[in-house]
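Here's the letter readout for the chains.
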Amino acid sequence: PLIIQNLLYRYSSKIKFVGYFLLICSLLLSPTVRNKTNRTLNDWNDQKEKIIKGQLIVEHPRFFWIRTSVEAILESPIFGLGTGSFTNYSENKGHVATHPHNNLLYMGVSFGLMGMFSYLWIFWRMLKISWGKRNTPLGQFTLSICLVIFVGGIFDTHILNTGTLILFIMGYGFLFHLDEL
């Protein structure tokens, strides 16, 4: 997206969207990307079938993590099970996992709906403020931090990583200095 943004900065959003679309389609022309995509989709289907049959999945059990996370949230919906509780909870379900590999699900398991609401609120606030200042270097940096951590958090629990957590805190702190530049 940054390549298209830099190459097509003078054009309308519609033309940029077409550029994004063409870039993604061109990546799909690569045999390597197609093979990796097919393998990933096949692995997901195999894992889903194994979960339905009740079999244990040893390698990357993403469906298990999601299902177990939702069950844990439903078990204690308001305040969650507490930090670090996902390991014991998942072990009782037949497979040990340290975290649900999703920031929002982690907040739900650990802190319940209150944690999920807080997580979404803080990212909404960060996105709203940094979007308004995206034309400044610090605003663009803050917006990038917000988007990278939020989108990356869909696929892994980045807020448990100390480096990512420090980056998030730093980005949130920058929000209060965007008007000073």
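Quick note: structure is the one above.
Residues numbered from 1 in each chain as written. Predicted model: local features only at pLDDT ≥ 70, side-chain atom pairs only at ≥ 80, totals over all residues. Heavy atoms only, no water.

Caption draft 1: Quick look at the packing of aromatic side chains. Tallied over the entire structure, the rule returns six aromatic pairs. If you follow Arg-134 out to its NZ or CZ, it ends over the ring of Trp-131, 4.0 Å from the centre. (Phe/Tyr/Trp six-rings, centres within 6.5 Å; stacked < 30°, edge-to-face > 60°. Lys NZ or Arg CZ within 6 Å of the ring centre and 35° of its normal.)

Caption draft 2: Summary view of the environment of Thr-40. As for its position among the elements, Thr-40 is in helix α3 (residues 31–53). Considering only alpha carbons, one finds Thr-40 and Met-114, 74 residues apart in sequence, at a separation of 33 Å. At 2.8 Å, the side chain of Thr-40 forms a polar contact with the backbone oxygen of Lys-36. (Helix = DSSP H or I, 4+ residues; strand = E, 2+ residues; numbered from the N terminus. Polar contact = N/O pair within 3.5 Å; in protein donor to acceptor, adjacent residues only side chain to side chain.)

Caption draft 3: Geometry of the packing of α3 against helix α4 (residues 62–75). One can describe the packing of α3 onto α4 by two numbers: an axis separation of 8 Å at closest approach and a directional angle of 50°. The angle between α3 and α4 falls in the class oblique. Residues Trp-44, Gln-47, Lys-48 and Ile-51 of α3 pack against Arg-62, Phe-63, Phe-64 and Arg-67 of α4. Here the residues of the contact of α3 with α4 sort into four nonpolar, one polar and three charged. (Axes fitted to C-alpha atoms, helices over the stretch in contact; angles between N-to-C directions. Parallel < 35°, antiparallel > 145°, perpendicular 65-115°, else oblique. Contact = heavy atoms within 4.5 Å. Nonpolar A, V, L, I, M, F, W, Y, C, P; charged D, E, K, R; others polar.)

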